[in-house]
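Letter by letter, the chains look like this.
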Amino acid sequence: MRRFLFCFGFLLLLTATVQAADFSKWAVLVVSGDNHAHSGAPSAVFDNARHDLVAAFIRMGFAPANIAQFAVSPDPAAQHSGTPAIANTLWDLSGRAPDGCLIYFTSHGTPDGIVIDQSVLDPDKLGKIVGNACGAKPSVIVMSSCYSGQFVPALAGGNRVVLTAARPDRTSFGCGELDHYTFFDDCFLRALPMAGDFPGMGGLVQQCVAFREQQMRAAPPSEPQLSIGANVGAAFRWK
């Protein structure tokens, strides 16, 4: 009997260890920063990702009421992309959804930051916005743009997973007028149902992007960056 109780207790402990996190009280911010391809022609490539990412996050258990979207093109589901509005909305969201932050930007990038409509949001400013709203809460921050590795130092933290589409000195691929998603956004969406936590998913995205770039002979490789804080644990797992 004693052995049975010990085994049963161990199984309960194991179950608790791998239990999925409750994302229903996380603040979610999804930003599409531009509505043009790299050629300057109109393109929905970033909005396509925004729309489908929100749907995917809802399926994972993030609450629709705690999700805010931003876009440049008119969309009833989104506010107009602008840095002050993004900062204020994230602050408000984190107040009513205090358990964590999930932030995803997809846009063009420059060596100075990420494009938000007619302006460029730099790493230091975004770091302050996220720090003010999310602090030390469990946070996942994804920057999908050229040169997005520059955001890692400003966003990395002990309780954060930061994933970027490229090295600080590299472009990413797939933002033409005929593309449905960028390479990185496509790989992120493909990796979500395959992974069980955000750190593991980051590795899958890196592998997927490398494969796509080799397949399409896109060079030099973008080399997505992944930062996993020392305190990242069960709060980042969904299955």
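Up top you'll find the structure we're talking about.
Cut-offs applied
- As a convention, each chain's residues are numbered from 1 in the sequence order in which they are written.
- The model is predicted, so local features are restricted to residues of pLDDT at least 70 and side-chain atom pairs to those at 80 or more, both for listing and for counting; the totals for chains, interfaces and linings are taken over all residues.
- As a rule here, side-chain values come from all non-hydrogen atoms in the structure, and water together with hydrogens is ignored.
- Axis lines are fitted to C-alpha atoms, over the contacting stretch for helices. Their N-to-C directions set the angle, which ranges from 0 to 180 degrees.
- Helix and strand assignments follow DSSP, with helices taken as H or I runs no shorter than four residues and strands as E runs no shorter than two, numbered in order from the N terminus.
- Oblique is the label for any angle not covered by the other classes, which are roughly parallel (under 35 degrees), roughly antiparallel (over 145) and roughly perpendicular (65 to 115).
- Should the near helix be turned counterclockwise from the far one by less than a right angle, the crossing is left-handed, whereas a clockwise turn marks it as right-handed.
- Any pair of residues with heavy atoms lying within 4.5 Å of one another is described as a contacting pair.
- Amino acids are sorted into nonpolar (Ala, Val, Leu, Ile, Met, Phe, Trp, Tyr, Cys and Pro), charged (Asp, Glu, Lys and Arg) and polar (every other residue, Gly among them).
- Using a 1.4 Å probe on the protein chains alone, a residue whose accessible area is under 20% of its type maximum counts as buried, one over 50% counts as exposed, and one in between counts as partly exposed.

Examining the packing of helix H3 (residues 83-96) against helix H4 (residues 123-134)
Part 1: The interhelical angle for the contact between H3 and H4, taken along N-to-C directions, is 20°, at an axis separation of 8 Å. Considering the angle they form, H3 stands roughly parallel to H4. H3 and H4 meet at a crossing whose hand is right-handed. Counting all contacts with H3, which are made through Thr83, Ala87, Leu90, Trp91 and Ser94, the residues of H4 involved are Lys125, Ile129, Val130, Asn132, Ala133 and Cys134.
Part 2: Class assignment of the residues belonging to the contact of H3 with H4 gives a composition of 7 nonpolar, 3 polar and 1 charged.

So, unusual backbone geometry
Part 1: Omega for the bond connecting Ala219 with Pro220 falls within 30 degrees of zero, at -5°, which places this linkage in the cis form.
Part 2: Along the polypeptide, Pro220 turns up in the loop between helix H7 (198-216) and strand E10 (225-228).
Part 3: Backbone geometry at Arg217 places phi at a positive 55°, although glycine is not the residue there.
Part 4: Take Arg217: it is sitting in the loop between H7 and E10.

Some remarks on the environment of Val31
Part 1: Mapped onto the fold, Val31 is located in strand E1 (residues 26-32).
Part 2: Look at Val31 and you get buried, because its relative accessible area is 1%.
Part 3: Val31 sits 81 residues away from Asp112 along the chain, and the two C-alpha atoms are 18 Å apart.
Part 4: Apart from the residues lying within four places of it in its own chain, the contact partners of Val31 are Phe70, Ser81, Ile86, Tyr104, Phe105, Thr106 and Ile116.

Fair warning: the whole summary comes from geometry, so function is off the table for now.
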